[in-house]
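Examination of the molecular architecture
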Amino acid sequence: NAGVTQTPKFRILKIGQSMTLQCTQDMNHNYMYWYRQDPGMGLKLIYYSVGAGITDKGEVPNGYNVSRSTTEDFPLRLELAAPSQTSVYFCASSYYGDTHQPQHFGDGTRLSIL
Amino acid sequence: DQQVKQNSPSLSVQEGRISILNCDYTNSMFDYFLWYKKYPAEGPTFLISISSIKDKNEDGRFTVFLNKSAKHLSLHIVPSQPGDSAVYFCAAIPTGANSKLTFGKGITLSVRP
């Protein structure tokens, strides 16, 4: 079972460039999430989705955009990369978001903005 | 404003001994708590959870204790094994539709052979 798959694993961007972090899950989960983890910090929620076509902001959404056209995929878009967006990005999914089902995480994308 | 606090950044224990990882929270609306384990270059994986209606939940070598009055929970690992060396995140979630997890900063556990 693949679970949650994130690509790429590593990426270096120049300031002002844009890119899309890909996330796909094969567990038929309706809830999906994007987090970022800065060094020595916990995970902070960027955006989440409760189902195809529905997305909402988390704690730190500025500088990011998301879309959810299918149940499986939840890409995260950085439009104008800034050094403050250097972080490790984790995608997660769960079957229900409010019934305490644990979230399943991908292995992360390590992004450096130079 | 940290709502979930893991004040000790690291812990080192001898193999076979008990590891106790602590977590404090400030939000009284949290009613479910989870521990995640994370190895380097991997995503967090769910370890154990506890509902606020309980004070203890056990799963093999892992036990989580919850003290609601003190807003404190702890994860006990007995006996500790070298493979337990990882970062452990405490997370909490309030009741309600579309509630979100709040994570602590994590504790790095090192188990010495």
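Structure first, text after, so check above.
A brief structural summary. This one's a predicted model, so the numbers in the text were calculated from it and none came from an experiment. (Residues numbered from 1 in each chain as written. Chains lettered and ligands numbered in written order. Predicted model: local features only at pLDDT ≥ 70, side-chain atom pairs only at ≥ 80, totals over all residues. Heavy atoms only, no water.)

Some points on the overall build of chain A
Filter applied, for reference: Counting from the N terminus, the helices are DSSP H or I runs at least four residues long and the strands are E runs at least two residues long. The globule rule is 2.2 Å times the number of residues to the power 0.38, and the radius of gyration it is compared with is taken over C-alpha atoms. Between buried and exposed lies partly exposed: a residue is buried under 20% and exposed over 50% of the maximum accessible area for its type, with that area taken using a 1.4 Å probe on protein chains only. Should any heavy atoms of two residues lie within 4.5 Å, those residues are counted as being in contact.
Tallying secondary structure elements over chain A gives zero helices and eleven strands in all. Listing each helix as α and each strand as β along chain A from the N terminus yields β-β-β-β-β-β-β-β-β-β-β. Over its C-alpha trace chain A gives a radius of gyration of 13 Å, about what one expects of a compact globule, namely 13 Å for 114 residues. Expressed as lengths along the three principal axes of its C-alpha atoms, the size of chain A is roughly 40 × 30 × 25 Å. Among the 114 residues that make up chain A, the fraction classed as buried is 44%. Sequence separation of at least 24 residues holds for 55% of the intrachain contacts in chain A that already meet a minimum separation of 6.

Overview of the interface of chain A and chain B
To keep things clear, this is the line we draw: Summed over both partners, the accessible area lost on bringing two parts together, with a 1.4 Å probe, is the buried area. Put simply, a salt bridge is a Lys or Arg side-chain nitrogen that is within 4 Å of an Asp or Glu carboxyl oxygen. In the analysis that follows, any N or O atom pair within 3.5 Å is treated as a polar contact, provided that within protein one partner can donate a hydrogen and the other can accept it, and provided that, for residues neighboring in sequence, both atoms belong to side chains. We call Asp, Glu, Lys and Arg charged. Ala, Val, Leu, Ile, Met, Phe, Trp, Tyr, Cys and Pro are nonpolar, and the rest, Gly among them, are polar.
Listed as interface residues are 19 residues of chain A and, on the opposing side, 21 residues of chain B. The contact between chain A and chain B buries some 1600 Å² in all, and 64% of this surface belongs to carbon and sulfur atoms. Joining chain A to chain B, the criterion identifies zero salt bridges. At the junction of chain A with chain B, the criterion picks out three residue pairs in polar contact (both at pLDDT 80 or more). Looking at the side of chain A that touches chain B element by element, the count peaks at four residues for strand 5 (residues 43-51) of chain A. For the side of chain A that touches chain B, a count of residues per class yields ten nonpolar, seven polar and two charged.

Structural notes on the sheet that holds strand 8 (residues 72-77) of chain B
Backbone hydrogen bonds hold the strands of a sheet together, and the pairing may be parallel or antiparallel. All names here are of chain B. Note the threshold: Paired strands, in this sense, are two strands between which DSSP finds at least two bridges.
Overall, antiparallel pairing links the five strands, which are arranged 1-3-8-7-6 in an open sheet. For this open sheet the edge positions go to strand 1 (4-5) and strand 6 (56-59), each flanked by a neighbour on one side alone. Bridge count for strand 1 against strand 3 (residues 19-25) is two bridges, and the pairing is antiparallel. The residue of strand 3 that forms the bridge with Lys-5 is Asp-24.

Thoughts on the sheet that holds strand 8 (residues 76-78) of chain A
Residue and element names in this part refer to chain A. Short version of the rule: Axis geometry follows a simple rule: fit a line to the C-alpha atoms, using only the stretch in contact for helices, then measure angles between N-to-C directions, giving values from 0 to 180 degrees.
What the four strands build is an open sheet, ordered 1-3-8-7; its pairing is antiparallel. A strand with exactly one partner marks an edge of an open sheet, and here the two such strands are strand 1 (4-7) and strand 7 (64-66). On average, each strand axis in the sheet is inclined to that of its neighbour by 20 degrees, with strand direction left out of account. Bridge count for strand 1 against strand 3 (residues 19-25) is four bridges, and the pairing is antiparallel. Paired with Thr-5 across the strands is Thr-24, a residue of strand 3.

Quick word on the pattern of salt bridges
The final tally for this structure, using the stated rule, is six salt bridges over all chains. A salt bridge links A:Asp38 to A:Arg36, with the nearest nitrogen and oxygen atoms 2.8 Å apart. Using a relative accessible area of 24% as the deciding quantity, one classes A:Asp38 as partly exposed. Judged by its relative accessible area of 11%, A:Arg36 falls in the buried class. Across the salt bridge formed by B:Asp84 and B:Arg61, the nearest N and O atoms sit 2.8 Å from each other. Placement of the pair is B:Asp84 in the loop between strand 8 and strand 9 (86-94) and B:Arg61 in the loop between strand 6 and strand 7 (62-67), with a sequence separation of 23 residues. Of the residues examined, B:Asp84 reaches a relative accessible area of 2% and is grouped as buried.

Considering the packing of aromatic side chains
So the rule is basically this: Ring pairs are drawn from Phe, Tyr and Trp, using the six-membered ring of Trp, whenever the two centres fall within 6.5 Å, and their geometry is named by plane angle: stacked under 30 degrees, edge-to-face over 60, tilted for the rest.
In the structure shown here, the tally under the stated rule is twelve aromatic pairs over all chains. With a centroid separation of 5.8 Å and an interplanar angle of 65 degrees, the aromatic rings of A:Tyr64 and A:Tyr89 are classed as edge-to-face. Of this pair, A:Tyr64 sits in strand 7 while A:Tyr89 sits in strand 9 (residues 87-94), and the two are 25 residues apart along the sequence. Here A:Tyr64 and A:Tyr89 have matching classes, each one buried. Between the aromatic rings of B:Tyr36 and B:Phe103, the centroid separation amounts to 5.8 Å while the plane-to-plane angle is 50 degrees, which identifies the pairing as tilted. You can see B:Tyr36 sitting in strand 4 (residues 30-38) and its partner B:Phe103 sitting in strand 10 (residues 102-103), a full 67 residues away along the chain. Assigned by exposure class, B:Tyr36 and B:Phe103 land together as buried.

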